Amino acid sequence: MTETDFVELVEAETGLPLDTADLATGFDDLPGWDSVHLLKVLSALEAEHGITLRIAQLLDAKSLGDLHAAASAAVAA
């Protein structure tokens, strides 16, 4: 999954206006971000792409970039 594809998925699920530069921004610094958005993104990753992430990966993720890296690693595995 490319960064652009991932950002488009996050935008579609959250309604937040994002671009690839936002991947480096911490969750706490993303305007409008909350934990419900994370659940929506995780559900979409699983439903649309068959990607399931481990709890440890989620707890380690501090940004959308971290989440993208975890999702990409899961696809490659």
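The rules behind the values
- Residues numbered from 1 in each chain as written.
- Predicted model: local features only at pLDDT ≥ 70, side-chain atom pairs only at ≥ 80, totals over all residues.
- Heavy atoms only, no water.
- Helix = DSSP H or I, 4+ residues; strand = E, 2+ residues; numbered from the N terminus.
- Rg over C-alpha atoms; globule rule 2.2 N^0.38 Å.
- Buried < 20%, exposed > 50% of the residue type's maximum accessible area, 1.4 Å probe, protein only.
- Areas by Shrake-Rupley, 256 points an atom, 1.4 Å probe, with all protein chains shown as cover.
- Core = buried A, V, L, I, M, F, W, Y, C linked by side-chain atoms within 4.5 Å.
- Contact = heavy atoms within 4.5 Å.

J.: Give a description of the overall build of the chain that names residues and reports values.
T.: Secondary structure assignment for the chain yields 4 helices and 0 strands. Seen in sequence order, the chain has helices and strands lined up from the N terminus as α-α-α-α. Against the globule reference of 11 Å for 77 residues, the chain gives a C-alpha radius of gyration of 11 Å, in line with a compact fold. Seen through its C-alpha atoms, the chain measures out along the principal axes to roughly 30 × 20 × 20 Å. Across the 77 residues of the chain, 35% fall into the buried class. By element, 54% of the accessible surface of the chain is carried by carbon and sulfur atoms, the whole surface being about 4,500 Å².

J.: Go over the nonpolar core, please, and point to the residues and values.
T.: Formed by 21 residues in total, the largest nonpolar core has its most connected members in Phe6, Val10, Trp33, Val41, Leu45 and Leu64. Elements represented by at least two residues in this core include exactly helix 1 (3–14), helix 2 (35–49) and helix 4 (64–76). Beyond its immediate sequence surroundings of up to four residues, Phe6 is in contact with Met1, Leu23, Val41, Leu45, Leu64, Leu67 and His68.

Interpretation note: all reported values are geometric properties and have no functional meaning in isolation.
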